[in-house]
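The primary structure of each chain is shown beneath.
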Amino acid sequence: MKKQILFIIFLFSLTLCRESNAIIYITFSNQGISVSGEGASVSGTTVTIEKEGTYLAQGESSEGNVVIKASSVTLYLQHLELTSKTTAPLIVNSNLSGVKIINIQNATLHDLEDVSSTSGECAAIKIKKKSAVSLENQGLFTLNGICKNVIKGGEETSIIFENSNGEYVINANNTAIASDGSLEFNLGKYTIVSKFGDAIKSSPEDTDTASLGKILINNGNFNIQCYNDAFSAKNNITIVKGTFEIKTENGYDSTTFDADNESAKGFKVSNNATGCGIKVYDGDFSLNTADDGFHSKRDLTLLKGTYIIYAKDDGLHATFNLVLGEKDASNDELDVRILSSYEAIEGMTITINSGKVIATATDDGINASGGGDDGGKPGPGPHFGFGKEKNNLRHNFGEPNPGPGGKGNASFYISIYGGEVNVFCDGDGIDSNGNIFIHGGDIKVFSQGNRDNEPVDHDGNFTLFNADLLGVGSKGMEYIHAGIQKGNGMYAYYAGSLTKDKTLKIKDESGVVVKEGEITKDINYIFFFSAKLNKNYHFYIYDKSGNESELSVVFGTPTSGEDDEDVHYN
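These numbers were taken from a predicted model, which means no experiment stands behind them.

Caption draft 1: Quick peek at the overall build of the chain. For the chain, the helix and strand inventory stands at two helices and 49 strands. In the chain, which comprises 570 residues, the share counted as buried stands at 56%. Partitioning the contacts of the chain with sequence separation of at least 6, the portion at a separation of at least 24 is 60%. When the accessible surface of the chain is summed, it comes to about 22700 Å², and 45% of that surface belongs to carbon and sulfur atoms.

Caption draft 2: Representation of the sheet that holds strand β45 (residues 513-519) within the structure. Strand order in the open sheet made by the four strands is β45-β44-β47-β48, with antiparallel pairing throughout. Only two strands of the sheet have a single partner each, and these edge strands are β45 and β48 (548-551). Each strand axis lies, on average, 25 degrees off the axis of its neighbour in the sheet, ignoring direction. Two elements, strand β47 (residues 538-542) and β48, share four bridges in a ladder whose sense is antiparallel. The residue of β48 that forms the bridge with Y540 is E550.

Caption draft 3: Geometry of the confidence of the model for the chain. For the chain, the average pLDDT comes to 89, and 88% of its residues sit at 70 or higher. A low-confidence stretch, residues 1-7 stays under pLDDT 50, and its non-local contacts, those more than four residues away or across chains, total six contacts. Here residues 374-406 is a poorly scored stretch, pLDDT under 50, and it has 71 contacts once near neighbours within four places are set aside; other chains count.

Caption draft 4: Local environment of the nonpolar core. Counting residues in each nonpolar core, the largest one holds 112 residues, and the members touching the most others are I200, F231, F267, F294, L316 and I345. What I200 contacts, discounting residues up to four positions off in sequence, is I177, L183, F185, I192, I215, F222, I224, A230, F231 and S232. Residues F446, L470, I519 and I526 belong to the second largest nonpolar core, which totals 19 residues.

Caption draft 5: Representation of the pattern of salt bridges. For the structure shown, the criterion picks out 14 salt bridges. One salt bridge in this structure joins K234 and D206, with 3.6 Å as the shortest N-O distance. Of the two residues, K234 is situated in the loop between β20 (231-233) and β21 (236-239) and D206 in the loop between β18 (200-202) and β19 (214-226); the sequence distance between them amounts to 28 residues. Residues D332 and K356 are paired through a salt bridge, measuring 3.0 Å at the closest nitrogen-oxygen approach. Separated by 24 residues along the polypeptide, D332 in the loop between β29 (316-324) and β30 (334-340) and K356 in strand β32 (residues 356-361) bring together distant segments of the chain. Its relative accessible area of 59% is what places D332 among the exposed residues. By relative accessible area, K356 is classed as partly exposed at 31%.

Caption draft 6: Broad picture of the state of the cysteines. Here the structure, examined in full by the defined rule, presents one disulfide. Across a sulfur-sulfur distance of 1.9 Å, C122 and C147 are joined as a disulfide pair. Here C122 is found in the loop between β9 (99-111) and β10 (125-127), whereas its partner C147 is found in the loop between β12 (140-145) and β13 (149-153), with 25 residues between them in sequence.

Caption draft 7: Looking closely at the pairing of strand β4 (residues 46-49). Two elements, strand β3 (residues 40-43) and β4, share four bridges in a ladder whose sense is antiparallel. Bridging across to β4, V42 finds its partner in V47. Hairpin connection between β3 and β4: a loop of two residues separates the two successive antiparallel strands, and G44 in this loop has a positive phi of roughly 65 degrees. Here β4 runs beside strand β6 (residues 65-68); their pairing, made up of four bridges, is parallel.

Caption draft 8: Region of the structure containing unusual backbone geometry. The phi dihedral of N466 is positive, around 55 degrees, even though this residue is not glycine. The residue N466 is located in the loop between β40 (462-464) and β41 (467-473) in this model. Judged by relative accessible area, N466 falls into the partly exposed class, the value being 49%. The phi dihedral of D501 falls on the positive side, at around 65 degrees, and the residue is not glycine. Within the secondary structure layout, D501 lies in the loop between β43 (490-494) and β44 (502-507).

Caption draft 9: Focus on the packing of aromatic side chains. For the coordinates displayed, the defined rule picks out 27 aromatic pairs. On the numbers, 5.5 Å between centres and 75 degrees between planes, the contact of F222 with F231 is edge-to-face. Here F222 matches F231 in class, with each residue buried. Summarising the aromatic geometry, the rings of Y540 and Y542 are spaced 6.5 Å apart at their centres and angled 45 degrees between planes, so their arrangement reads as tilted. Through pairs of rings, three or more aromatic residues link up here, namely F141, F161, Y168, F185, Y190, F222, F231, F244, F267, F285, F294 and Y307. Sitting above the plane of the Y417 ring, K327 keeps its charged end 3.9 Å from the centroid.

Caption draft 10: The arrangement of the pairing of β43 in detail. Of all five residues that make up β43, five are buried, and the element is covered over most of its length. Alternating residues of β43 divide into M490, A492 and Y494 and Y491 and Y493, and every residue in both groups is buried. Both β43 and strand β46 (residues 525-530) contribute to a ladder of five bridges, which runs antiparallel. Note on β46: the bridge partner recorded for Y491 is F529.

Caption draft 11: Quick peek at the environment of E156. Tracing the chain through its elements places E156 in the loop between β13 and β14 (158-161). Judged by its relative accessible area of 36%, E156 is partly exposed. Put simply, E156 and T209 are 53 residues apart on the chain and 9.4 Å apart in space, counted from C-alpha to C-alpha. Once residues lying within four places of it in the same chain are set aside, the contact partners of E156 are K130, S131, G181, A210 and S211.

Caption draft 12: Layout of the environment of E63. If you trace the backbone, E63 turns up in the loop between β5 (53-61) and β6. When the C-alpha positions of E63 and E81 are compared, they lie 10.0 Å apart, and in sequence the two are 18 residues distant. The contacts of E63, once residues within four sequence positions are left out, are T45, T83, S84, K85 and T86. A polar atom in the side chain of E63 sits 3.4 Å from the side chain of T86.

Calculation notes
Residues numbered from 1 in each chain as written. Predicted model: local features only at pLDDT ≥ 70, side-chain atom pairs only at ≥ 80, totals over all residues. Heavy atoms only, no water. Helix = DSSP H or I, 4+ residues; strand = E, 2+ residues; numbered from the N terminus. Buried < 20%, exposed > 50% of the residue type's maximum accessible area, 1.4 Å probe, protein only. Contact = heavy atoms within 4.5 Å. Areas by Shrake-Rupley, 256 points an atom, 1.4 Å probe, with all protein chains shown as cover. Pairing = 2+ DSSP bridges. Axes fitted to C-alpha atoms, helices over the stretch in contact; angles between N-to-C directions. pLDDT = per-residue confidence, 0-100. Core = buried A, V, L, I, M, F, W, Y, C linked by side-chain atoms within 4.5 Å. Salt bridge = Lys/Arg side-chain N within 4 Å of Asp/Glu carboxyl O. Disulfide = S-S within 2.5 Å. Phe/Tyr/Trp six-rings, centres within 6.5 Å; stacked < 30°, edge-to-face > 60°. Lys NZ or Arg CZ within 6 Å of the ring centre and 35° of its normal. Polar contact = N/O pair within 3.5 Å; in protein donor to acceptor, adjacent residues only side chain to side chain.

Here it is, written out as structure tokens:
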């Protein structure tokens, strides 16, 4: 840090030698304000920057603020503490470009406007419409706001958090960082507490069609505790890299969250238009949410990274298309662990290309239905769990559209191309209101023995190629094997009751354990499919004392045929 300050002082000394580029010093005190040169004026407790140039604000005032009215202004903050009870401590006026605000060391801004204020700015930093501002932080930058927002951008604003070595500490009574236009983060550490609102938000009014309503995170370290959503954008959230530790409301085991009237998601996009959604290229995520972990009203894509999610509702939700991993990528590049949820993974279409996936749910583990979008549980009907999205989805896609098999909705499907997928649930394990296409991967599903909770449940076609699939739970209305339209391996199933607290081991003809798992709930069905399976395999159950008993299983072969991996019958 000392080296950075010395370097900045060295730069200052160079610019001071050039009269036209001299830094103008603004010094605050409770006795008054002084300005070292031309370009800024003082009126009462307000300094107005009226000309482009470089300025440095320092000092302390219990009632003071800076207003920027010119483009191409660079404002350095050093050992500055400003408080305002009537307006924002720092304001950038409308239609400005090239404005840079750089905290060198220890800047603190307090917005103490009354929460009922209708005439103030209600922000610690207020950036008005159609202005572009970059923020850079090399030290400790503390911002406190009790009125509404802490950092607020108006219509068509662009706020960029540039490469930063410092830490933002933001304490908000309502929303911490908000912009109608766009927010971009490039490095930096952000510690945010929002008492009654969102942490980071870009969501213009419905009548504002020019603002982008997007959040871009190129990198950064985010430690967030907020009442509502941690990240909320109307149109897009894009994450290239970053570290995220997030808790919303009182967390996944909250007893106070009002799902009908509140939103407390980790990441949320609220527009269902084409091109909208959440896309994550990489990152480390630890989410503890009283609502969904990730929620997109359009598409959700997680390509790489580590995700540890405890959610009260859905772990991952996309009203349209949900994609995990890249095709042919190493499974080590994506690690998704949903350790608590109502439904773990839900979308209209779900594609798992690669990665390690753990889906833990009190209802369905992986569900292609699109239901429960607005935080409610899935709605009525035996297979169409639309919830509050029911009318919207039928408006976009029409009434249920039977696929070639004559049943199910062809708009819904689950495609698994690879990965290590483990499902632990009380409802259905892998459930599609349309088709299921498994083209690869190592899949284990552990459910329970109720008749409506099958390891695999589908209303359309079911194909099974080049994969290992172990399903433990209930045989339901029909055995899983009876629904396989095409496949290239052999299956075996056991239809009999087993009590919980058992271990299942499947051994090949040489006695090598090829598949195993813990049975933690009472079950009445076991299904195993593999291209390597043959009739010399044996299925064993072990109790807690290690006593072994062999199960009598039925072997069979599904209809063979080509794997139509790119055909979803849309």
